[in-house]
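Structure at a glance
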Amino acid sequence: MKNIPVVMVIFGGSGDLAHRKLYPALFNLYEQGLIHDNFAIIGTARRPWSHEYLREQVSDAVHETHSEVNENDLAAFASHFYYQSHDVTNVEHYETLKNLAQELDDRYSAQGNRLFYLAMAPRFFEQIAQHINDQNLTSTGFNRIVVEKPFGRDLASAQELNEQITASFSEDDIFRIDHYLGKEMVQNILPLRLTNPLIKNIWNNVNIKNIQVTLAEHLGVEARGGYYETSGALRDMVQNHIFQIITLLAMPEPKDLDSKSIHAAKQELLSSLIIPDEKEIAQHFVRGQYLGSDMTFAYLQEPNVAPDSNTETFVAGEVKFKQGPLAEVPIYFRTGKEMREKKNRIDIVLKHMSNQYGQAHSNNITIIIDPDMQIFITINGKKITETGIRRENLGYLFSAAEQEKIPDGYERLLHDVFVNDSTNFTHWSELKSYWKFIDAIEAAWQRENKQGKKPEQYLPYRMGPKAANQIFDSATEHWIYE
Ligand code: BG6
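To keep things clear, this report deals only with the structure shown in the data block. Given the structure is predicted, the values throughout are model-derived calculations rather than measurements.

1. Topic: the sheet that holds strand β3 (residues 81-85)
Within the open sheet, the 6 strands sit side by side as β3-β2-β1-β4-β5-β6. Their pairing is parallel. Edge positions in the sheet fall to β3 and β6 (174-176), since each has one partner strand and no second. The sheet shows a mean angle of 20 degrees between the axes of neighbouring strands, taken without regard to direction. Bridge count between strand β1 (residues 6-11) and strand β4 (residues 114-118): 5 bridges; the pairing is parallel. Across the sheet, Val9 pairs through a bridge with Phe116, a residue of β4. Contacts from helix α4 (residues 91-108) reach β1, β2 (39-45), β3 and β4, with the element oriented near 165 degrees to β2.

Laid out in structure tokens, this is it:
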């Protein structure tokens, strides 16, 4: 679908996210004819850049992410960019920004449509939202806002931020972005569940024993120690990405595939989210911190990290719902920095069935989200020459050419914003439930900190702390991906 005319304002136009993700994604949309010719993009940040300098940056960003570029197209694309030096605390700067947006609206016939993208440090979100309202930056056409994560740092601050934003934007116009919802294999969860009788019929608590979500990263916190100290793995990865994946796995079947039906089904599930009590948290949750090695820093030695920090770089835990197809089924998750390899995967572990062969294993359905995308089902068959059972994987794979074609999450999600499709964005009601859960865990950990308890230490480039192997409900459960 072709987009409609728009003036887009990116707060954080000189930042890393804009450079690595937004500019290349916008260029790809432009190349496919998915951005209307009548568009202008204003990048704002504190630095005193010129329009020309921003255009060079945009062009560099595209070159860095593309092996081949049509230079004429890129020059034409970059000519739509304008730079406005902007201090988010300065009222006058919002007036200047408003005037520039209006001028570009006239020049590009953008019909009063505005899209604001908050791509800077989250501590500024509230202030920007307030100024958008106070200085009347919205216009006469559509007004949409994209908000990066984290949306708040607990339920109370998320609520405050939401109030600031809803002063100028209605819920339907707020796009809380979670780039995991733009990933191919995350978008594949519902089709897999809903279109295969083989899978649909076993997707319930009679057949599924547990689900395991692993988002493992090989890298450490890199240069983001300062940010990470304010978030930790729980807020950085669980509150958003892991919970969205779990919601897609456990939600009841939506009536339809439109945004309203999807969000209604998610809401129905989340109203039955079980908030664990202190005892359950002690039993089923583990937080960890990576140690150093000859070649690498320990988390506590990373730049901008307090030497006695209790911030977790790893977390494992359990989520359960009272209702839905997976009512009471344990959904285990773990995520961490400096783990053995980059691997985002979901293992759906089916219950054992007694059989005449004795030792046969259960079937598992595995979805690999990153870095290689695939789905496989482990099944049992006979060994060729010996007696006994062998295990094989039935695979759903992508060819290299297909993998190439898969758009980046940001490209998909930006397009969704342009065409006003909020299916793959976080609704406020979902976020509220996620924060309630996270707040309970954080509160328990704060109590532990007061008692002098520290996160479990783990060696870099393994699978996290050993204690994470003991979070299960029963002795017959273990991590399938080891
Ligand atoms: C981001 C987190 O949301 O997701 C980062 O802030 C993390 O800490 C990243 O590295 C992981 O995303 P992906 O797509 O590389 O799995």
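2. As for the packing of aromatic side chains
A ring pair, where both rings are aromatic, is described by two values, the distance of the centres and the angle of the planes. Under the criterion given, the structure shown has 24 aromatic pairs. For the pair Tyr290 and Tyr299, a centre-to-centre distance of 5.9 Å together with 75 degrees between the ring planes defines the contact as edge-to-face. Comparing Tyr290 with Tyr299 shows no difference in burial state: the two are buried. Seen in terms of ring centroids, Phe472 and Trp479 are 5.2 Å apart; in terms of plane orientation they differ by 70 degrees. Their pairing is edge-to-face. Residue Phe472 is classed as buried on the basis of its relative accessible area of 10%.

3. Focus: the site of the ligand
Taken together, Lys149, His179, Tyr180, Lys183, Glu217, Arg224, Asp236, Met237, His241, Lys337, Lys342 and Asn344 make up the full set of residues adjacent to the ligand. Lys183 is positioned with one of its side-chain polar atoms (N or O) 2.6 Å from an oxygen atom of the ligand. A distance of 2.8 Å is found between an oxygen atom of the ligand and a side-chain nitrogen or oxygen belonging to Lys337. Look at the ligand: alone it shows 400 Å² of surface, and the protein chains cover 79% of it.

Thresholds, definitions, all that
Residues numbered from 1 in each chain as written. Predicted model: local features only at pLDDT ≥ 70, side-chain atom pairs only at ≥ 80, totals over all residues. Heavy atoms only, no water. Pairing = 2+ DSSP bridges. Helix = DSSP H or I, 4+ residues; strand = E, 2+ residues; numbered from the N terminus. Axes fitted to C-alpha atoms, helices over the stretch in contact; angles between N-to-C directions. Contact = heavy atoms within 4.5 Å. Phe/Tyr/Trp six-rings, centres within 6.5 Å; stacked < 30°, edge-to-face > 60°. Buried < 20%, exposed > 50% of the residue type's maximum accessible area, 1.4 Å probe, protein only. Near = heavy atom within 4 Å. Polar contact = N/O pair within 3.5 Å; in protein donor to acceptor, adjacent residues only side chain to side chain. Areas by Shrake-Rupley, 256 points an atom, 1.4 Å probe, with all protein chains shown as cover.

Remember, this is a structural readout, not a statement about activity or role.
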